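An overview of the molecular structure
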Amino acid sequence: MLFSSPIFIFLFLPVVLFLIVISPKKLHNFILLTASLIFYAWGSVSHTLIFIFSILFNYVFGLGIDKASGNNRKKILTIAVTINLVLLGYCKYYNFFLDNVNSLLSGFGKSSIEYQKVALPIGISFFTFHALSYIIDVYRRRVSAQRNLLDLALYISFFPQLIAGPIVRYIDVATQFQARMLNMEKAAAGIHRFIFGLAKKVIIANTMALTADQIFVLPIAKLSPALAWLGIIAYTLQIYFDFSGYSDMALGLAKIFGFSFPENFNYPYVAQSIKEFWRRWHISLSTWFRDFLYIPLGGSRGSEMRTLLNLLIVFFCTGFWHGASWTFVIWGLFHGTFLLIERVGLEKILIRTWKPVRVVYTLLVVIVGWVFFRIETLPKAIDYIIKMSFMPSDSPAQFFLMEYLDTKIIAVLVIAILYSIRAFRNGNSFFERALHGLSQDALYQTFFQTCKVVISVVLFFVTVSYLASGTYNPFIYFRF
Amino acid sequence: MGKIWKTILLGLLLAILWTPLLQRVSGIFNEARLKGAYIVPERPEFSVDSFLGGSFQKKYEAYENYSFGFRPFLIKLKNSLDFILYRDIDNTDLMAGKNDVLYSRGSADRTMWGKYYNGREINNNTLAKIKFLKEKVESGGGHLIALMVPSKESVMPEYLPSSYDHAKHENSDYEDFIAGYEREGISYIDLCSYFRKLYPQSKYPLFTKTGFHWSTYGASVAQDTILKYCQSLLTLPIPYYERKGVEFSDTARFADADFEDLMNLYFSIQQSKYVYPKLEIVKSSLSNHRPKVIIIGDSFFWQIKDLRKLVNIFSDDSKYWYYFRKSFPLSDEAGSDMKFLDVVQELESADFVILESSMGTLGEFPFGVTEYFQEHFENDKQMRSINGKREQFNLKAANGKFVCADISKNNIVIADREKAAGWETFSILLLPDNKCAIYTYENKYFSAELGGQGEITASRYKIAGWETFTMIKLDSNHVALRAANGKYLAMDEKSLRLFARADAIGKNEKFEFMQKGSK
């Protein structure tokens, strides 16, 4: 069940909201847990058992770590982490592993291993990382183990973040299970955020997806370089608006039910280095890897070589986490390599250059990186990058930019780019400052708040009207 | 800010999430149905098995997509906004040209750019078959007339979007057919060139701004021409009508706004009035000779039929074979399945056989009738109904479901049916070299889309390379099918669709062949 599907918006969400509104506070967590399990089971009944096993297992092991002392704590943690990773590895990487083994075997002229493909449980990467953050933080005594099974189950399964993040650390929300405020103001702010995220997904990401899909399906050799650029720019915007829109929806939904989740995006396309990009893109994932992989590996405390190796390991894992494919690994290492280059000297040069040059450099690296992310094989990705380079080609182009641009695409592209470079945020704060400067008068405040609500209502109807006439368009991040 | 006002605003924001659900449950507002053809999914029955297997969820979501409150309102809102802001239309085949004149993209690409060109060899092959039919019809004393109907863009290209300003093409099916008719001595009426000449001086529009087909007025002009031509071939006079002026209307009738209807907007695009000719049969002519006519054609002929004059002019047993899929009388009575007809006998006994095609449907023209006629006339004169006496069978895939040629889903071939009915019944046409073609209930052939993903569709009226298969008998009741690319047909476990992309015969490449016997 996608957040941008009619069944979620017009049935599931209003019903859950209604139940929360009419029920006493002590039942809220139970209602949300039940709703979350239905939400998960709706997408994959057969995997619900794995999911429930993960919840129960981590609950028991969390308590075990909390109670144990000395070396036993480490032993229990090791078992818990191993089982979580084995589960993730089996469900997500088993097919990939055997496919690669078979490729090797066939290379040596051996017969391949026959095997039954394993279906990927929805959101396993996310709920496993949630669970790992919980047990590791319990081990580090940064937080006590949750004794209430219902609360822990709600933390792992809470439907807003269940299948596409953000990866909320237990430590950040631990107190909110019992002591959160649910009021109309918060709910309204949550709805604002949800509508905004929905609009990002439905109006911008889906439109960009259409353009990107149309271009990526064409033979690369027959693309004009300008069209190849349009394709990857459309994809660059699609993936950002798709994923950040989803995160906005998740944060908004959480807020409606009284939770506050940390931000997952902070205008990544204005970053002035790759290092900064990863502080703005999928923040919850990069923070997770920093805290639970990079730092345990030694972080930057060892030699420079060790630090560089740690960074490469983290980015290898980041790429691999995104999908069981070598192109994701290459994408991760591509980013990791630039991070290393920045660390060994480029960063110092960048600091001295003009800010737009730094942004353009970062965007170029990110955009080229998305080619590896989008295209399924390495040779094709390289062909695509060569095409983008405007190098002369043997075969003449048959598909040109103007055939794929129309008024709507141009309008959405312009809006998406302006948003990505924070033009609207700056405009909004200018507007707020102006109003604030004009007067603290209640009339102005009323006008401003009314405008916000009217914009939200209009945006909601426009967005759901797009949704109503739209076709099935799954979120990109559901693959992970 | 007043606390009450703030509460009202926040309440409004919360309320909007509930409005579609409330509308759905209460139906307070009476919502108009959306125009255009679409299939509304049925509400699925819940069962534990279907829920555990996930099929209930999929079906329920599909049902929910069509059922939520204010859906027609929202779709119209989006369509209207997109059209106002970008002149964008939520239909891949529809486009707005200059002055908001609507066109079919597919038809315009074919006409202006020469896209989807059949190729001269295929066209010559088709012409040879038309000639064969013509000779047989003429030997029975009838006449075969080919009717070439103009597409909107061929008559009024000046309103096409600017991307067509410099459109040019080397070859076109239209030119091939006109030249072929001349060469082969096939009688034809070229309404394309006639409409082009008439267009600048016509008092009333031959095409509306908002329709795909010719206007009702344009259809009446075409009807005049057809009848004059038919009369010129006969010695006896046929009934005729007189024109009694025209009627103007603010609202479109028949198919005059068929494109605009599909757009589901909140406003109307057409600014001028629609024109409807007043045609009156001369009663004294009703006793004249009423020849039998069989028209095989596309949707353009519907508008001539809608004028309701041919029913008085041609004999009662005259028929309109719509795409050679269904047979309609010239009256307003319902149509019938082609399989109930003796096609060869009908054609042989007609005074006129009119093969009609618009420029946009020349890829399918003449819709399989000449192949059918030739095959049945030459090979088996006893076979007088489409599926008659040909071995019929069903195919069951590895999942235990029947293979279905689903015309409601773009002619896909899918193994998801519990029972075998019409769409799950096929027949085999044996070809040389141990090859065969698979013929469906809807008179189309299986095709392996080898230009695409190798998906199997039931979409072709003609047999070419992609429509040939080799059937391999695996045991007494199982077969495998190999497509022209050498790959085996396999059921995709996820989509349940059939694809020609397996290198070896495994579980999913094996089909149970269930013979139904002769009919």
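Residues numbered from 1 in each chain as written. Chains lettered and ligands numbered in written order. Predicted model: local features only at pLDDT ≥ 70, side-chain atom pairs only at ≥ 80, totals over all residues. Heavy atoms only, no water.

**Concerning the domain arrangement of chain A**
Residue and element names in this part refer to chain A. The cut-off we apply is this: Here the limits of each domain have been adopted from an automatic or database domain assignment. Here, residues are in contact when the closest pair of their heavy atoms is within 4.5 Å. What gets called buried area is simply the loss in accessible area from a 1.4 Å probe that two parts show on being joined, summed for both. The rule for a salt bridge is simple: a side-chain nitrogen of Lys or Arg has to be within 4 Å of a carboxyl oxygen of Asp or Glu. For this analysis, a polar contact is any N or O atom pair within 3.5 Å, provided that within protein one partner can donate a hydrogen and the other can accept it, and provided that sequence-adjacent residues contribute only side-chain to side-chain pairs. By the criteria applied, helices consist of DSSP H or I runs no shorter than four residues and strands consist of E runs no shorter than two, each listed in order from the N terminus. As a working rule, the residues Ala, Val, Leu, Ile, Met, Phe, Trp, Tyr, Cys and Pro are called nonpolar, Asp, Glu, Lys and Arg charged, and the rest polar, with Gly in that last group.
When its domains are assigned, chain A resolves into domain 1 (6-180) and domain 2 (187-420). Centre-to-centre separation of domain 1 and domain 2, based on C-alpha positions: 26 Å. Each partner contributes to the interface: domain 1 provides 36 residues, whereas domain 2 provides 31 residues. When domain 1 packs against domain 2, close to 2,900 Å² is buried across both sides, 76% of that on carbon and sulfur atoms. A per-residue breakdown of the area domain 1 buries against domain 2 is headed by F96, F129 and P166, which together make up 19% of the total. Between D291 and R169 there is a salt bridge; the shortest N-O distance is 2.1 Å. Our count for the domain 1 to domain 2 interface comes out at 9 residue pairs in polar contact (both at pLDDT 80 or more). The element contributing the most residues to the side of domain 1 that touches domain 2 is helix 5 (residues 124-139), with 7 residues. Its residues placed into classes, the side of domain 1 that touches domain 2 shows 24 nonpolar, 6 polar and 6 charged.

**A word on the nonpolar core**
So the rule is basically this: Among the buried residues, those of types Ala, Val, Leu, Ile, Met, Phe, Trp, Tyr and Cys that are joined through side-chain atoms within 4.5 Å form a nonpolar core. Partly exposed describes any residue whose relative accessible area lies between the buried limit of under 20% and the exposed limit of over 50%, with all areas from a 1.4 Å probe on protein chains only and scaled to the type maximum.
Core analysis: the largest hydrophobic core is formed by 169 residues, its most contacted members being F8, F159, F257, W281, W370 and Y384 of chain A. The element contributing the most residues to this core is helix 10 (residues 225-256) of chain A, with 18 residues. Residues Y103, L206, Y217 and Y241 of chain B belong to the second largest nonpolar core, which totals 46 residues.

**Details of the pattern of salt bridges**
A side chain with one charge may pair with a side chain of the opposite charge, provided their charged atoms come close. Within the structure shown, the criterion is met by 44 salt bridges over all chains. One salt bridge in this structure joins E304 of chain A and R343 of chain A, with 3.3 Å as the shortest N-O distance. Pair noted here: E304 of chain A is in helix 13 (residues 304-322) and R343 of chain A is in helix 14 (residues 326-352), with a separation of 39 residues, a long-range link. Judged by its relative accessible area of 32%, R343 of chain A is partly exposed. D317 of chain B is the partner of K292 of chain B in a salt bridge, and the nearest nitrogen-oxygen pair spans 3.9 Å. In this pair, K292 of chain B is assigned in the loop between strand 6 (274-281) and strand 7 (293-297) and D317 of chain B in the loop between helix 13 (310-313) and strand 8 (319-322), connecting sequence segments 25 residues apart. Owing to a relative accessible area of 7%, K292 of chain B belongs among the buried residues under this scheme. A single salt-bridge network, built from bridges that share partners, covers D137, R169, R290 and D291 of chain A.

**Section: the environment of I421 of chain A**
With respect to the helices and strands, I421 of chain A occurs in the loop between helix 17 (407-420) and helix 18 (423-438). Separated by 212 residues in the primary sequence, I421 of chain A and A209 of chain A place their C-alpha atoms 20 Å from one another.

**Here's the deal with the state of the cysteines**
Keep this limit in mind: In plain terms, two cysteine sulfur atoms within 2.5 Å form what is called a disulfide here.
Summed over all chains, the structure comprises 0 disulfides over all chains. The structure places no disulfide on C317 of chain A, whose sulfur is separated from the nearest cysteine sulfur, that of C91 of chain A, by 18 Å. Of all cysteine sulfurs, the one in C436 of chain B lies closest to C404 of chain B, which takes part in no disulfide; the gap is 19 Å. The class for C404 of chain B is buried, based on a relative accessible area of 0%.

**Regarding empty space enclosed by the protein**
Residues and elements named next belong to chain B. Rule in force here: Here a cavity means grid points, on a 1 Å grid over the protein atoms only, where a 1.4 Å probe fits yet cannot get out; a pocket means an open set of points with protein on both sides within 12 Å along at least five of seven lines; lining residues are those with an atom within 4 Å of a point. Grid points are joined across faces, edges and corners, and a volume is the space filled by probe spheres set on the points.
Tallied over the full model, the rule gives 5 cavities of 30 Å³ or more. One number sums up the size of the largest cavity: a volume of about 60 Å³. Residue lining of the largest cavity: F324, F367, G368, E371, Y372, E375, Y439, N443, Y445 and Y461, and that is the complete set. Its residues assigned to classes, the lining of the largest cavity comprises 6 nonpolar, 2 polar and 2 charged.

**Overview of the interface of chain B and chain A**
With 39 residues of chain B at the contact, the number on the chain A side is 42 residues. Contact between chain B and chain A buries roughly 3,700 Å² in total, counting both sides, with carbon and sulfur atoms accounting for 78%. Residues D82 of chain B and K408 of chain A are paired through a salt bridge, measuring 2.9 Å at the closest nitrogen-oxygen approach. When residues of the side of chain B that touches chain A are traced back to their parent elements, those giving at least two are helix 1 (3-26), helix 2 (48-53), helix 3 (55-65) and helix 4 (71-86) of chain B. If you tally residues by element for the side of chain B that touches chain A, the top one is helix 1 of chain B, at 16 residues. Of the residues that constitute the side of chain B that touches chain A, the class distribution is 24 nonpolar, 6 polar and 9 charged.

**A short note on the sheet that holds strand 3 (residues 143-149) of chain B**
In a beta sheet, neighbouring strands pair by backbone hydrogen bonds and run either parallel or antiparallel. Residues and elements named next belong to chain B. Note the following rule: Note: two strands are recorded as paired if DSSP finds a minimum of 2 bridges between them. Where helices are involved, their axes are fitted lines through C-alpha atoms of the stretch in contact, as for all axes, and angles between N-to-C directions lie from 0 to 180°.
As summarised here, the arrangement of the 7 strands in space is 4-3-11-7-8-9-10, forming an open sheet in which the pairing is mixed. Among the strands making up the open sheet, the edge pair consists of strand 4 (187-190) and strand 10 (336-337). Direction of pairing for strand 3 relative to strand 11 (residues 352-358): parallel, over a ladder of 7 bridges. Across the sheet, L147 pairs through a bridge with E356, a residue of strand 11. Its contacts with the sheet put helix 6 (residues 120-139) on strand 3 and strand 11, and the angle it makes with strand 3 is roughly 140°.

**Considerations on the side chain of N29 of chain A**
All names here are of chain A. Secondary-structure assignment places N29 in helix 2 (residues 28-43). Classification of N29 as buried rests on a relative accessible area of 7%. Other than its neighbours up to four places away in sequence, N29 contacts L150, D151, L154, F177, Q178 and R180.

**Considerations on unusual backbone geometry**
Residues and elements named next belong to chain B. Geometrically, the link from F365 to P366 is a cis peptide bond, its omega value of -5° lying close to zero. Here P366 is to be found in the loop between strand 11 and helix 15 (369-379). Of note in the backbone geometry, N99 takes a positive phi value of approximately 60° without being a glycine. Examined against the element boundaries, N99 turns out to sit in the loop between strand 1 (94-96) and strand 2 (102-104). Of note, the phi angle at R308 is positive, near 60°, even though the residue is not glycine. What makes R308 partly exposed here is its relative accessible area of 44%.

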